[in-house]
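# Understanding the architecture of this molecule
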Amino acid sequence: MQRRAQLLEAAQAVFVEKGYHSTGMEDIAERAGVSKPVLYQHFPGKLELYLAVVDVHTQALVDVVESALRSTDNHKQRVYAVVEAFFDFVAREDSAYRIVFESDLVEVASVRERLDWSLQACTEALARQIVLDTQLPIEVARLVAQGLVGLGQVSARAWLKDQALPKELAVGIIGRLAWRGVGGQPVRSAESAD
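Parameters at a glance
- Residues numbered from 1 in each chain as written.
- Predicted model: local features only at pLDDT ≥ 70, side-chain atom pairs only at ≥ 80, totals over all residues.
- Heavy atoms only, no water.
- Phe/Tyr/Trp six-rings, centres within 6.5 Å; stacked < 30°, edge-to-face > 60°.
- Helix = DSSP H or I, 4+ residues; strand = E, 2+ residues; numbered from the N terminus.
- Buried < 20%, exposed > 50% of the residue type's maximum accessible area, 1.4 Å probe, protein only.
- Salt bridge = Lys/Arg side-chain N within 4 Å of Asp/Glu carboxyl O.
- Expected span 1.5 Å × (residues − 1).
- Contact = heavy atoms within 4.5 Å.
- 1 Å grid on protein atoms, 1.4 Å probe; cavity = no way out; pocket = protein on both sides within 12 Å on 5 of 7 lines; lining within 4 Å.
- Points joined across faces, edges and corners; volume = space filled by probe spheres on them.
- Patch = residues over 30% accessible without salt bridge, like charges linked within 9 Å, V, L, I, M, F, W, Y side chains within 5 Å.
- Areas by Shrake-Rupley, 256 points an atom, 1.4 Å probe, with all protein chains shown as cover.
- Axes fitted to C-alpha atoms, helices over the stretch in contact; angles between N-to-C directions.
- Parallel < 35°, antiparallel > 145°, perpendicular 65-115°, else oblique.
- Left-handed = near helix turned anticlockwise from the far one by under 90°.
- Nonpolar A, V, L, I, M, F, W, Y, C, P; charged D, E, K, R; others polar.

Quick look at the packing of aromatic side chains now. Taken as a whole and assessed by the stated rule, the structure comprises five aromatic pairs. Relative to Tyr-50, the ring of Tyr-20 lies with its centre 5.1 Å away and its plane at 70°, an arrangement referred to as edge-to-face. Taken as a pair, Tyr-20 in the loop between α1 (2–18) and α2 (25–32) and Tyr-50 in helix α4 (residues 46–70) lie far apart in primary sequence, 30 residues in all. Judged by relative accessible area, which is 1%, Tyr-50 ranks as buried. An angle of 50° between the planes, with centres 5.6 Å apart, marks the rings of Phe-87 and Trp-159 as tilted.

See below:
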């Protein structure tokens, strides 16, 4: 288990640095400090290794968004927390966001399915919470949630490119923008929530 984690960490670093197509198994083995046969004992090929890396980081994105949703009972603070979750994800030192948002292997169905799954899982978690917090039907909540997911990830990536603003300020700006849309929806009263 520890060896697998070591190999995934090395693979992720090399895939981020070089991209899928320019990475060889020997590059990953060298980064991990193991022989190629050891690498092949854990992963039958480069695609399987890449998919394992994608799985780790797509799940990490979903986890950070779900954690943001659970971080407060305040509807407005929850919207800001979700926006901040996307900024935190792209600001990670390991640049894992590149595997999720900028994969150079999206034409492969198994990769595309995993990437789509992560954004859909984030959208569904948000939609469920929006339904609990507002009077919106689930179909409308899904659309609002999709907009928030798109706004969060695109804004966070744009901020990361130049970092002209401190992260807290950028999160506040995008959080206000998102809240003006989400907060404008009819709120479910405590009586109607029962």
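So, about the pattern of salt bridges. Counting across every chain of the model gives 11 salt bridges. The salt bridge partner of Asp-88 is Lys-167, with a shortest N-O separation of 2.3 Å. Of the two residues, Asp-88 sits in helix α5 (residues 75–91) while Lys-167 sits in helix α9 (residues 167–182), which places them 79 residues apart along the sequence. With a closest N to O distance of 3.4 Å, Glu-102 and Arg-98 form a salt bridge.

Looking now at α9. Think of an α-helix as turning once every 3.6 residues; residues three or four places apart then point the same way. Taking 1.5 Å per residue, 16 residues should reach 22 Å; α9 reaches 22 Å between its end C-alpha atoms and fits that length. Taken together, the buried residues of α9 touch α5 and α8 (138–162).

So, on to empty space enclosed by the protein. One pass over the structure, following the stated rule, counts one cavity of 30 Å³ or more. A volume near 60 Å³ is recorded for the largest cavity. In this structure, the largest cavity is lined by Leu-69, His-75, Arg-78, Val-79, Val-82, Leu-126, Gln-129, Ile-130, Asp-133, Leu-148 and Val-182. Broken down by secondary-structure element, the contributors of at least two residues to the lining of the largest cavity are α5 and α7 (109–133).

Next up on the list: a nonpolar patch on the surface. Taken together, the side chains of Leu-165, Leu-169 and Ile-173 make up a nonpolar region of the molecular surface, amounting to roughly 230 Å² of accessible area. For Leu-165, a relative accessible area of 36% corresponds to the partly exposed category.

We now examine the packing of α1 against α2. At a minimum axis distance of 8 Å, the contact between α1 and α2 shows a crossing angle of 125°. Of the possible angle classes, the one that applies to α1 and α2 is oblique. Along this stretch, α1 crosses α2, giving a crossing that reads as right-handed. Note on element contacts: α2 touches α1 through Asp-27, Ile-28, Arg-31 and Ala-32, opposite Gln-6, Leu-7, Ala-10, Ala-11, Ala-13, Val-14, Phe-15, Glu-17 and Lys-18. Its residues assigned to classes, the contact of α1 with α2 shows eight nonpolar, one polar and four charged.

Here we take up unusual backbone geometry. A positive phi angle is found at Ser-95, which is not glycine, with a value near 55°. Taking the relative accessible area as the measure of exposure, Ser-95 reaches 22% and is therefore partly exposed. Notably, Gln-163 is not glycine yet its phi reads approximately 45°, a positive angle. Within the secondary structure, Gln-163 is located in the loop between α8 and α9.

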